[in-house]
Amino acid sequence: MKSPWDIRYANQEALYGKAPNAFFSHILPLYPCGTILLPCDGEGRNAIHAAKKGWDVHAFDGSQVGINTAQRWAAEANVAIQCEVSDAFDFAPKEQFDLVGLFYAHMPSERRRAFHHLAIQWLKPGGTLILEGFHTDQLHYQSGGPRNESMLFTPEMLAEDFKELLATQNEVVQVTLDEGPLHQGLASIVRYIGTK
Ligand SMILES: C[S@@+](CC[C@H](N)C(=O)[O-])C[C@H]1O[C@@H](n2cnc3c(N)ncnc32)[C@H](O)[C@@H]1O
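What you see is a predicted model, and the numbers here were worked out from it, not measured in a lab.

Peer 1: Describe in detail the site of the ligand, supporting the description with residues and values.
Peer 2: Every one of the 16 residues lining the ligand counts as a neighbour, but Trp-5, Cys-40, Gly-42, Gly-62 and Ala-88 are closest to it. Among the residues forming the shell around the ligand, the class breakdown is seven nonpolar, five polar and four charged.

This is the structure we're talking about:
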């Protein structure tokens, strides 16, 4: 059976645009190229960007349609990414990664903490986690994201979920998103960086 994400991605391509997330493209050059994991990467916009910059890229998403698009876009860009269809809770990598990037990977509240703990396990010691997602204030905006407050983030929640990491950034910012049809306009987001 197709997932709701399969249906969304099949109805319209580039739901979050083809360009990488702005925070990701700004932060990535600050780290030496290595291995990166992009969980819940959708149509692969961030994976393809990292591959173009020389990273050894692994990505997964629960949507077969999203991964099909990511593979096609990677071929068109002439870059290699290792991506697979997997639920986050079934993903069992054989290695840990220098960087893990979580972009708008919102889970139901009862699964969020376990998902974030998995992300810590996917990191090498010394590795860095980068996250961007919607803050709970996003319910006041119409620029995208879950309409369910329990799926949204606060810096306090992320500090608790990622307390094993040394956080160097954990802040709420207002930005104007321009990421495809589903992320458009003024938004309240949280940006987090932490090292294991
Ligand atoms: C809002 S989209 C963001 C996609 C991508 N990170 C981006 O920024 O372009 C959320 C993605 O998370 C994926 N997803 C949600 N829950 C998942 C789960 N439990 N396991 C794997 N993927 C999941 C969806 O299929 C969807 O592609």
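Read on for the rest.
Peer 1: Would you mind going over the sheet that holds strand 3 (residues 82-85) in detail, with residue names and values included?
Peer 2: Pairing is mixed in the open sheet, where seven strands are placed in the order 3-2-1-4-5-7-6. Of all strands in the sheet, those bounded by a partner on one side alone are strand 3 and strand 6 (166-179). Here the strands of the sheet are splayed against their neighbours by 15 degrees on average, with no regard to which way each runs. With 13 bridges joining them, strand 6 and strand 7 (residues 183-195) adopt antiparallel strand pairing. Bridge pairing links Thr-176 to Leu-186 in strand 7. Each of strand 1 (35-38), strand 2 (56-61), strand 3 and strand 4 (97-103) touches helix 3 (residues 45-52); the most contacted strand, strand 2, lies at about 175 degrees to it.

Peer 1: Account for helix 3, naming residues and giving values.
Peer 2: One turn of the α-helix equals 3.6 residues, which is why residues spaced by three or four share an orientation. Buried residues dominate helix 3, accounting for seven of its eight residues. When we look at burial in helix 3, the residues that qualify are Arg-45, Asn-46, Ala-47, Ile-48, His-49, Ala-50 and Ala-51. Turning to helix 3, the residues buried within the fold contact helix 2 (22-27), strand 1, strand 2, helix 4 (64-76), strand 3 and strand 4. Trailing helix 3 by a residue or two, Gly-54 shows a phi angle of about 100 degrees, which is positive.

Peer 1: Describe helix 5 (residues 109-122), with residues and values.
Peer 2: Taking 1.5 Å per residue as the helical rise, helix 5 with its 14 residues ought to reach 20 Å, and the 20 Å between its terminal C-alpha atoms agrees with that figure. For helix 5, the full list of buried residues reads His-116, Ala-119 and Trp-122. Seen from one end, helix 5 has its buried residues packed into an arc of 115 degrees, which puts them on one side. Opposite the packed face of helix 5, turned more than 90 degrees from it, sit the exposed residues Glu-110 and Gln-121. Against strand 1, strand 4, strand 5 (123-134) and helix 6 (155-161) lie the buried residues of helix 5.

Peer 1: Can you lay out the environment of Asn-21 for me, pointing to particular residues and giving the numbers?
Peer 2: Among the secondary structure elements, Asn-21 is positioned in the loop between helix 1 (4-11) and helix 2. With near-sequence residues (within four places) excluded, Asn-21 lies in contact with Asn-46, Phe-103, Glu-132 and Glu-179.

About the cut-offs
Residues numbered from 1 in each chain as written. Predicted model: local features only at pLDDT ≥ 70, side-chain atom pairs only at ≥ 80, totals over all residues. Near = placed C-beta within 6 Å. Nonpolar A, V, L, I, M, F, W, Y, C, P; charged D, E, K, R; others polar. Pairing = 2+ DSSP bridges. Helix = DSSP H or I, 4+ residues; strand = E, 2+ residues; numbered from the N terminus. Axes fitted to C-alpha atoms, helices over the stretch in contact; angles between N-to-C directions. Contact = placed C-beta atoms within 7 Å. Buried ≥ 20, exposed ≤ 12 C-beta atoms within 10 Å, placed from the backbone. Expected span 1.5 Å × (residues − 1). Arc of directions from axis to C-beta.

Everything listed is a geometric property; what it means functionally is a separate question.
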